Amino acid sequence: MEKLYQRYKDRVDFYAVYIREAHPSDGWKADFNERFNIRFEQPKTIGDRKQIASTCGTILGLSMPMLVDEMDDRVNRLYSGFPDRLYLIDRDGKVAYKGGRGPFGYKPRELEQTIIMMLMDDQ
Amino acid sequence: MYKTGSIRFHGELALLVAALMLSAGFAARAQDSTGSGSPAASATGAGDVPGAGSPQALFSILTKLSPQNMRALGEMLENDWKDRPEWGEEAVAILKGEGMRPGGGWWKAPQKRYDFRWLRERYDADGDGAIKVDELPESIAGREETFRRLDRDLDGKLLLLDFDWYNRSLSTPRAMMTEYMFMRLDVDSNGRISEEEVTSFFKNSDREKLGFLTHEDLFASFDMGIMSGGGGKPMSDAEVVRMFLNGELGTMEAGPELEAQAPDFLLPTIDGERNVRLSEHFGKRPVVLVFGSFT
C-alpha cells in the first residue's frame, strides 16, 4: 500500500483508518503474530489504540496519513471495514470501488488498477 | 418438513432461529462496539446460563446440532429467509459448512465502477477484445508504465484476466492450495511472487538454520491465521460459529454499496494534530480508505 500511496498521492488522498484489532492477544490468536512477537491486547482507550496504530505504521513503513477510529468502532461499522478493506471514493463523494471483505478480498493491485482507470476517466 | 432420526423440523423452527440470529446479530454489534472479542464472558455470571439475546445463547443452541442437522438448518434458512441481509448470507453459509470459503457467504466479489469492460469500451480501437499499449491515449503521462501496472500477467495485452482478482469457489484442494500458498508467499500483496519472497519464506521457515526444511518447519509455516485457526488446526464449525457471533469474522454491517454516497465521518489523525472530515474532500480529490489493524 505504501508504494501505491507514493505513486498516486499527488492526485488521490489516502487515509489509513485504524480499526479494532483483528487478532488481539486477549481474543483469538493468530500463530503468525505470536511467532513474530506481535502481541497486543485489544486497546481499551483511544490513547492505547493510537499508540498501537503508531507502532503499526512505523513497523509497516506506512507514511500515509493514519486516522484512528473511535472506540465505539463507528467508522468501521459505517464502512464494514473489519478486518480489512479497501475503498476508492470519487471526487463527488461516491463509492467507485468497494473491495471484498478481508482478508480474501484485500487486493491492493486491484485498487491500483481502479485508481488508474479513474484518473484516465478524469482526463 | 425434514425428518432426521426421531426429530422432526418444521419451517417454523427455521424462522425462530432466524429471529434468534437477528437478536444475536444486534448483540454481536454491541460487542463490536465495546471492542471486546472475548467469547467466554457470560452476561449473567451465573455459570452456564447465557444472557438473553446474547451470542452465547444462540451459540449454545447451534452447537448442539449434529453436523448434518446444522447443514439442514442452513438449507432451510436459505429457503425461508428471503431477502436476507449480507450477514444473513454468511450465517446461512456457516450453517452449511461454507462459512470460510472465499466466494461463499459474505466473501463476495468487489464492486467496481472501473473494470475491463469499461476499458475495452473506450480504448479497444481495433475491436480485437484486447487493449495494447498504443491503444491507450498518448496524453496519459507515463503511458508505458501505466500500461504495465494494468497488465497483471505482463503479456503485453490487457484482457479480462488482468482485472479478475476475485477468488471464485475454491472447491478443489488444488485451487485451495494455490490460493493459500499465494497468500502465504505474496507478502507485499503485489499479486506476484518474487524470488525474494520465496527465499524469505525459506529463511523464515528454516528455524534451526539447517539449510533445509523439515515437515514440521513447513507445517508451522503454513499458518494462515484466520484461515487455519490457532495452533495450525483447521477451524471447527463451532469455532467459526462462535467467531461469527462475536463479530470476529467481519463487521455485521455491509457498508456503502457501489455508487452510493460515501458516509461522512470525522476522525482524528494518529498524532492528534488535526481532525479529518471526509466530506471536505468532495469536489476536490478522490479518496482511498484503507481499513485495517496491526494484528
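Note: the structure precedes this text.
Residues numbered from 1 in each chain as written. Chains lettered and ligands numbered in written order. Predicted model: local features only at pLDDT ≥ 70, side-chain atom pairs only at ≥ 80, totals over all residues. Heavy atoms only, no water.

Draft legend 1. The pattern of salt bridges, seen in detail. As enumerated under the stated definition, the model contains 25 salt bridges over all chains in all. Taking the shortest distance from any N to any O, the salt bridge between A:Arg11 and A:Asp10 comes out at 3.4 Å. Exposure remark for A:Arg11: the relative accessible area of 38% places this residue in the partly exposed category. Measuring nitrogen to oxygen at the nearest pair gives 3.6 Å for the salt bridge that ties B:Asp217 to B:Arg207. Of this pair, B:Asp217 sits in helix α9 (residues 215-221) while B:Arg207 sits in the loop between α8 (195-205) and α9, and the two are 10 residues apart along the sequence. Residues joined by salt bridges that share partners form a network here, namely A:Arg7, A:Glu112, B:Glu145, B:Arg148 and B:Arg149. (Salt bridge = Lys/Arg side-chain N within 4 Å of Asp/Glu carboxyl O. Buried < 20%, exposed > 50% of the residue type's maximum accessible area, 1.4 Å probe, protein only. Helix = DSSP H or I, 4+ residues; strand = E, 2+ residues; numbered from the N terminus.)

Draft legend 2. Summary view of empty space enclosed by the protein. The final tally for this structure, using the stated rule, is 5 cavities of 30 Å³ or more. Looking at the second largest cavity, its volume works out to about 60 Å³. As for the second largest cavity, its lining consists of A:Arg85, A:Lys98, A:Gly99, A:Gly100, A:Arg101, B:Glu86, B:Trp106, B:Lys108, B:Ala109 and B:Gln111. Along the lines of polarity and charge, the residues of the lining of the second largest cavity split into 2 nonpolar, 3 polar and 5 charged. (1 Å grid on protein atoms, 1.4 Å probe; cavity = no way out; pocket = protein on both sides within 12 Å on 5 of 7 lines; lining within 4 Å. Points joined across faces, edges and corners; volume = space filled by probe spheres on them. Nonpolar A, V, L, I, M, F, W, Y, C, P; charged D, E, K, R; others polar.)

Draft legend 3. View of the packing of aromatic side chains. Applying the stated criterion across every chain yields a total of 13 aromatic pairs over all chains. Measuring from centroid to centroid gives 5.7 Å for B:Trp81 and B:Trp87, while their planes differ by 75°, and the two rings are edge-to-face. Residue classification places B:Trp87 among the buried positions, given a relative accessible area of 9%. An aromatic cluster is defined as three or more aromatic residues linked by ring pairs; in this entry it consists of A:Tyr79, A:Tyr87, B:Phe265 and B:Phe291. Positioned above the aromatic ring of A:Phe82, the side-chain terminus of A:Arg20 is 4.4 Å from the ring centre. Stacked on the ring of B:Trp106, the Lys or Arg A:Arg101 has its end atom at 3.6 Å from the ring centre. (Phe/Tyr/Trp six-rings, centres within 6.5 Å; stacked < 30°, edge-to-face > 60°. Lys NZ or Arg CZ within 6 Å of the ring centre and 35° of its normal.)

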